[in-house]
Amino acid sequence: THTPRHTHPDTHHPSTPLSHSIVHALPAWLDLCPNPAEIQVPASSAENRDAFYTEVAHLRQPVVLKHSVVREWGALQWTEEQLSAAFPVLPVYRQQSSSIFITFHDNKPLEPLLAHERWEHFNRKVNATVADILHQDSSTTPHLYFSADVRLLRPLFSSLDADLSPLQPLLIGSEGKQINLWLGGAGITTYMHYDAAWNFFAQLNGTKTFILFPPEADMQEYPCLHPHYGHSKINLSAAEEALGAFPLSNLCSGVRMATLSRGDLLFLPPYWWHMVVTQTASVSVNVWTDAPEYLGLNAIYSLPLPLESSWSVGRMVRAVLSLVLHLSQELTGQAEKIPDIVLARYAPLHQQQKFIINTQADHEMQAICQNSSATLLAQDVVKIEKGMVEPIRRFRKLEIQSVQWLSAANYAEHTIHTALGVERVVPFVLRCLGKEP
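What comes next concerns the included structure. (Residues numbered from 1 in each chain as written. Predicted model: local features only at pLDDT ≥ 70, side-chain atom pairs only at ≥ 80, totals over all residues. Heavy atoms only, no water.)

Here we take up a nonpolar patch on the surface. Where nonpolar side chains cluster on the molecular surface, the patch consists of Leu32, Leu243 and Leu248 and spans about 230 Å² of accessible area. Structurally, the position occupied by Leu248 is in helix α7 (residues 248-254). (Patch = residues over 30% accessible without salt bridge, like charges linked within 9 Å, V, L, I, M, F, W, Y side chains within 5 Å. Areas by Shrake-Rupley, 256 points an atom, 1.4 Å probe, with all protein chains shown as cover. Salt bridge = Lys/Arg side-chain N within 4 Å of Asp/Glu carboxyl O. Helix = DSSP H or I, 4+ residues; strand = E, 2+ residues; numbered from the N terminus.)

This is the structure:
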């Protein structure tokens, strides 16, 4: 019988159907940390299997399970030959110069304002075989990485659903279910990022190491309007860049490590930062369901903003600034806290000349926000404070403080964009939130 609460490491792993000898090293700065924290397995009082996984999830701590439902999956027996027969060719992400992959989301508002980065730089795909993907290493080019929703793969692989069963215990949320297949060779690395989802990650073959930081860690994230939304601006694979951006003591005290081998299941809570290093040729499957904070923020976005489209630009700018400061004061006790979080997302990118700045919009924001004599009308203050009662009430329901503040900063960005238009977003953040002269 299945006994998930007994999660001691296995004494023996069956032979791995995919055996590639290349082992990729972890980021060098980890060698400077005396003892990176290993993931701990909680004691459980759950009376059945489904309750156990729900209990684990609601602890909001990463957990590696050695004896989970994954041990019952037929997918553990997949071989390279079987995958190759099911998928003669696959559309894979291709990068010529780097084995480190970062997501470039579609249709994010700031994309037209990026000075250098383009969608095709990150989303170029080519056809490749399973062997092409699995037999590469970080020294071979181009670098190939495959991920896809299994719904797209079912017509090609008739036993797919049966081979990933039982799956139901891993569906923690009731919305946003997505199951993905991941294939990669040694050295393929995903950039440090977070997901707003419950995530159970099953390692079917090979070895992957997750380098994790808790939600409250300041990982210098991109703006939420940017195509790299949800990612760190710092490449933590490069020791020099990582140590230039973060004190070593912060890295070492915050980092958690989880190395997965065949049959292991990682529970990764929503909003935990993670980068993933493929150490040997790897086949993985993960299960996402939407986190309550993600659903809560989307519900807040659906509420009307207490602003009037007929207002002049100056009046709207002062109203948006008032709204953001009021939101910050109510949630954090500091009017500047949320503005500072937003500013920290934008200012380094501006300093690195990553944005195309609209000169007219910049002069406009400078003139409005440096005019200290211009104040918001009393009736506008009343409208904003009254209109923000419900959004603030809902934000306060987000119990994890760092996630609440992150979500409020996202809401502030969306408000700026909705009220002022994309050309004014960066100038507003720099001139009005940042008081840049």
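Taken in spatial order, the 6 strands line up as β1-β11-β10-β13-β8-β4 in an open sheet, and their pairing is mixed. Every other strand in the sheet has two partners, leaving β1 (37-38) and β4 (100-101) as the edge strands with one partner each. Pairing of strand β10 (residues 208-213) with strand β13 (residues 273-278) involves 6 bridges; the strand directions are antiparallel. Paired with Phe210 across the bridge in β13 is Val276. (Pairing = 2+ DSSP bridges.)

Here we take up helix α14 (residues 401-420). Between its first and last C-alpha, α14 extends 28 Å over 20 residues, near the 28 Å set by a 1.5 Å rise per residue. Across the 20 residues of α14, 15 count as buried, placing the element largely inside the fold. Within two residues after α14, Gly421 carries a phi angle of roughly 90 degrees, on the positive side. (Expected span 1.5 Å × (residues − 1). Buried < 20%, exposed > 50% of the residue type's maximum accessible area, 1.4 Å probe, protein only.)

Within this structure, the stated rule accounts for 2 disulfides. Two residues share a disulfide in this structure: Cys33 and Cys252, whose sulfurs sit 2.1 Å from each other. Disulfide Cys33 to Cys252: torsion about the S-S bond roughly -85 degrees, handedness left-handed. Of this pair, Cys33 sits in the segment before β1 while Cys252 sits in helix α7, and the two are 219 residues apart along the sequence. Note on accessibility: Cys33 and Cys252 belong to one class, buried. Linked covalently through their sulfurs, Cys369 and Cys432 form a disulfide whose S-S length is 1.8 Å. Where Cys369 bonds to Cys432 through sulfur, the torsion about that S-S bond is close to 90 degrees, and the disulfide is right-handed. Here Cys369, found in helix α11 (residues 359-369), pairs with Cys432, found in helix α15 (residues 425-433); they are 63 residues apart in sequence, far enough to count as distant. The exposure class of Cys369 is partly exposed, given its relative accessible area of 24%. With a relative accessible area of 1%, Cys432 lands in the buried category. With cysteine numbering restricted to those in disulfides and following the sequence, the chain has the pairing 1-2, 3-4. Cysteine Cys224 remains unbridged, with the sulfur of Cys432 as its closest cysteine sulfur at 18 Å. (Disulfide = S-S within 2.5 Å.)

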